Amino acid sequence: MSEQWSLTVDCARPRELAAFWCLALGYVPASPPQGFATWEAWHAHFGIPEDEWDDGAFIEDPAGTRPAISFLKVPEPKVVKNRMHVDIQVGGGRHEPLDVRWPRVQAMVDKLVAAGGSVLGPDVPDGTPDHVTMADPEGNEFDVL
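An account of the accompanying structure is given in this report. Just so it is clear, the structure is predicted and the values come from calculations on it, not from any experiment. (Residues numbered from 1 in each chain as written. Predicted model: local features only at pLDDT ≥ 70, side-chain atom pairs only at ≥ 80, totals over all residues. Heavy atoms only, no water.)

### Some points on the overall build of the chain
- Regarding its fold elements, the chain presents 3 helices and 8 strands.
- Start at the N end of the chain and walk to the C end: the helices and strands fall as β-α-β-α-β-β-β-α-β-β-β.
- In terms of its C-alpha atoms, the chain occupies a principal-axis envelope of roughly 55 × 35 × 30 Å.
- Among the 145 residues that make up the chain, the fraction classed as buried is 32%.
- Relative to all contacts within the chain whose residues are 6 or more apart in sequence, the contacts with residues 24 or more apart total 60%.
- By element, 55% of the accessible surface of the chain is carried by carbon and sulfur atoms, the whole surface being about 9100 Å².
- Taking the 11 positively charged and 23 negatively charged side chains of the chain as two groups, their mean positions are separated by 5 Å. (Helix = DSSP H or I, 4+ residues; strand = E, 2+ residues; numbered from the N terminus. Buried < 20%, exposed > 50% of the residue type's maximum accessible area, 1.4 Å probe, protein only. Contact = heavy atoms within 4.5 Å. Areas by Shrake-Rupley, 256 points an atom, 1.4 Å probe, with all protein chains shown as cover. Lys, Arg positive; Asp, Glu negative; His and termini not counted. Charge placed at Lys NZ, Arg CZ, Asp CG, Glu CD.)

In structure tokens, the structure reads:
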């Protein structure tokens, strides 16, 4: 039996970063925990001070099959390259012809740039585009392929 797991991202602006990743991954804001009508009710129940209620944001796969992701506010900024990153696989795989795959990749890149992401650079081995390395609004690297 495999263990359940989720991913946590340290950041400065949890709600903004959560919204970006909802768009990037097709996720939705997470529902409040079972037994609570709202996140505010959950916070209040556990005695979390109101000025800390925006210190986290949570997103989930609407189908419930992929891991949940939380975004937690931390005081320090990101200072080095990620040791792990997300690959957003929209192109359909390297077996797809480039003229089919690359427009899909570029469309996602354009969508994410409009949402606050930035292009760090395309990977073009042997003159053929393979993927685009990007950064989310807080500088976390990921690839679109």
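### Quick word on the pairing of strand β7 (residues 131-135)
- Buried residues dominate β7, accounting for 4 of its 5 residues.
- Where β7 and strand β8 (residues 141-144) come together, 4 bridges link them in antiparallel fashion. Following the sheet pairing, V132 is matched in β8 by V144.
- Where β7 hands over to β8, the hairpin turn is made up of 5 residues, of which G139 adopts a positive phi near 95°. (Pairing = 2+ DSSP bridges.)

### Quick look at the pattern of salt bridges
- Overall, the coordinates contain 5 salt bridges when judged by the stated rule.
- Residues R13 and E16 are paired through a salt bridge, measuring 2.9 Å at the closest nitrogen-oxygen approach.
- Residue R13 is classed as partly exposed on the basis of its relative accessible area, which comes to 36%.
- The salt bridge partner of K78 is E141, with a shortest N-O separation of 3.3 Å. Within this pair, whereas K78 is found in the loop between β4 (69-73) and β5 (86-88), its partner E141 is found in strand β8, the two being separated by 63 residues in sequence.
- Accessibility expressed as a relative area gives 32% for K78, which makes it partly exposed.
- For E141, a relative accessible area of 16% gives the class buried. (Salt bridge = Lys/Arg side-chain N within 4 Å of Asp/Glu carboxyl O.)

### A word on the packing of helix α1 (residues 14-25) against helix α3 (residues 98-114)
- Where α1 meets α3, the closest approach of the two axes is 10 Å, and the angle between their N-to-C directions is 165°. Here α3 runs roughly antiparallel to α1, going by the angle between their axes. Remark: the crossing between α1 and α3 carries right-handed chirality. Here F20, L23 and A24 of α1 lie close against α3, whose contacting residues are M108, K111 and L112.
- Considering only residue class, the contact of α1 with α3 consists of 5 nonpolar, no polar and 1 charged. (Axes fitted to C-alpha atoms, helices over the stretch in contact; angles between N-to-C directions. Parallel < 35°, antiparallel > 145°, perpendicular 65-115°, else oblique. Left-handed = near helix turned anticlockwise from the far one by under 90°. Nonpolar A, V, L, I, M, F, W, Y, C, P; charged D, E, K, R; others polar.)

### Describing the layout of surface pockets
- Looking at the largest pocket, its volume works out to about 760 Å³.
- If you trace the largest pocket, you find 30 residues lining it, with L7, T8, V9, N82 and N140 closest to the centre.
- Breaking the lining of the largest pocket down by element, the ones donating at least two residues are β1 (7-11), α1 and β4.
- Among the elements that make up the lining of the largest pocket, the one with the highest residue count is β1 (5 residues). (1 Å grid on protein atoms, 1.4 Å probe; cavity = no way out; pocket = protein on both sides within 12 Å on 5 of 7 lines; lining within 4 Å. Points joined across faces, edges and corners; volume = space filled by probe spheres on them.)

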